[in-house]
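Read off the chains here:
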Amino acid sequence: MLSRIDHIGVAVADLDGAIALYEGALGMALVHRETVPEQGVEAVLIDVGDGHVELLAPLADDTPVGKFLAKKGPGLHHVAYAVEDIEATLAELSEAGVELIDSVPRVGIRDSRVAFLHPRSTGAVLTEIVEPAHGH
Ligand code: ZN
């Protein structure tokens, strides 16, 4: 049901500084930049092979990424796996005993639909599943 790694999420305090690092020294291409109010972030997607790095900068201190930064500082935030049918996958994961943060998908970057799984049941790794919008 999880077909491939779609992206790695990285929490950053300085979005432009992080973009300069990835586009410059790391030589990757910025493909998308978007503010996602539902998730309280400004997000940037950077191409690497078939997957992406997702840079996440909080819109405010009291957002999930803002709280993460305050507690842990910048760094790896989550891993996201692509799925074809997010509702079916959520049902299967729940059935398998995985604790869901989002039992109903929410709007993600580039019109994708996403849901997060609780790190309590995924080995302390915040895990996201993504159903990409058709055409991406
Ligand atoms: Zn993500």
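Remember, it's a predicted structure, so these values are computed and weren't measured experimentally.

Trainee: Tell me about the coordination of the zinc ion, and name the residues and values.
Mentor: Distances from the zinc ion to its protein donors, His7 (NE2), Glu54 (OE), His78 (NE2) and Glu128 (OE), fall within 2.0 to 2.2 Å. Considering all four donor atoms around the zinc ion, angles at the metal cover 83 to 165° and the coordination shape is irregular. Along the chain, the residues donating to the zinc ion fall in the pattern H-x46-E-x23-H-x49-E. Of the two residues, His7 is situated in strand β1 (residues 4-11) and Glu128 in strand β8 (residues 127-131); the sequence distance between them amounts to 121 residues. His7 gets classed as buried once you look at its relative accessible area, which sits at 3%.

Trainee: Please set out the pattern of salt bridges residue by residue, giving values where relevant.
Mentor: Tallying each qualifying case throughout the model produces seven salt bridges. For Arg113, the salt bridge is made with Glu87, and the minimal N-O distance between the two is 2.8 Å. In this pair, Arg113 sits in strand β7 (residues 113-117) while Glu87 sits in helix α3 (residues 86-95), placing the two residues 26 residues apart along the sequence. We note a salt bridge from Arg106 to Asp102, for which the minimum N-O separation is 3.1 Å. Given a relative accessible area of 25%, Arg106 falls into the partly exposed group. Overlapping salt bridges bring together Asp16, Arg33 and Glu42 as one network.

Trainee: Describe the pairing of strand β4 (residues 51-58), and please don't skip the residues or the numbers.
Mentor: Buried residues dominate β4, accounting for seven of its eight residues. Here β1 runs beside β4; their pairing, made up of five bridges, is parallel. When the bridges of β4 are listed, Ala11 appears paired with Leu56. Sheet analysis places strand β3 (residues 41-48) next to β4, joined by eight bridges and oriented antiparallel. Each bridged residue has a counterpart across the sheet, and for Ile46 the counterpart in β4 is Val53. Counting the residues between successive antiparallel strands, the hairpin from β3 to β4 contains two residues, one of them, Gly49, with a positive phi of roughly 60°.

Trainee: Help me get a handle on the sheet that holds β4, residues and values and all.
Mentor: Taking strand neighbours across the sheet as the criterion, the eight strands line up as β2-β3-β4-β1-β5-β8-β7-β6 in an open arrangement whose pairing is mixed. The sheet is open, and its two edges are formed by β2 (29-36) and β6 (106-107), each paired on a single side. For β1 and strand β5 (residues 75-82), the ladder comprises seven bridges, and the chain directions are antiparallel. Bridge pairing in β5 places Gly9 opposite His78. Those strands touched by α3 are β7 and β8, and its axis lies near 15° from that of β7.

About the criteria used
- Residues numbered from 1 in each chain as written.
- Predicted model: local features only at pLDDT ≥ 70, side-chain atom pairs only at ≥ 80, totals over all residues.
- Heavy atoms only, no water.
- Donors = N, O, S within 2.8 Å, 3.2 Å for Na, K, Ca; no water.
- Tetrahedral: all angles 85-135°; square planar, octahedral: opposite > 155°, others 65-115°.
- Helix = DSSP H or I, 4+ residues; strand = E, 2+ residues; numbered from the N terminus.
- Buried < 20%, exposed > 50% of the residue type's maximum accessible area, 1.4 Å probe, protein only.
- Salt bridge = Lys/Arg side-chain N within 4 Å of Asp/Glu carboxyl O.
- Pairing = 2+ DSSP bridges.
- Contact = heavy atoms within 4.5 Å.
- Axes fitted to C-alpha atoms, helices over the stretch in contact; angles between N-to-C directions.

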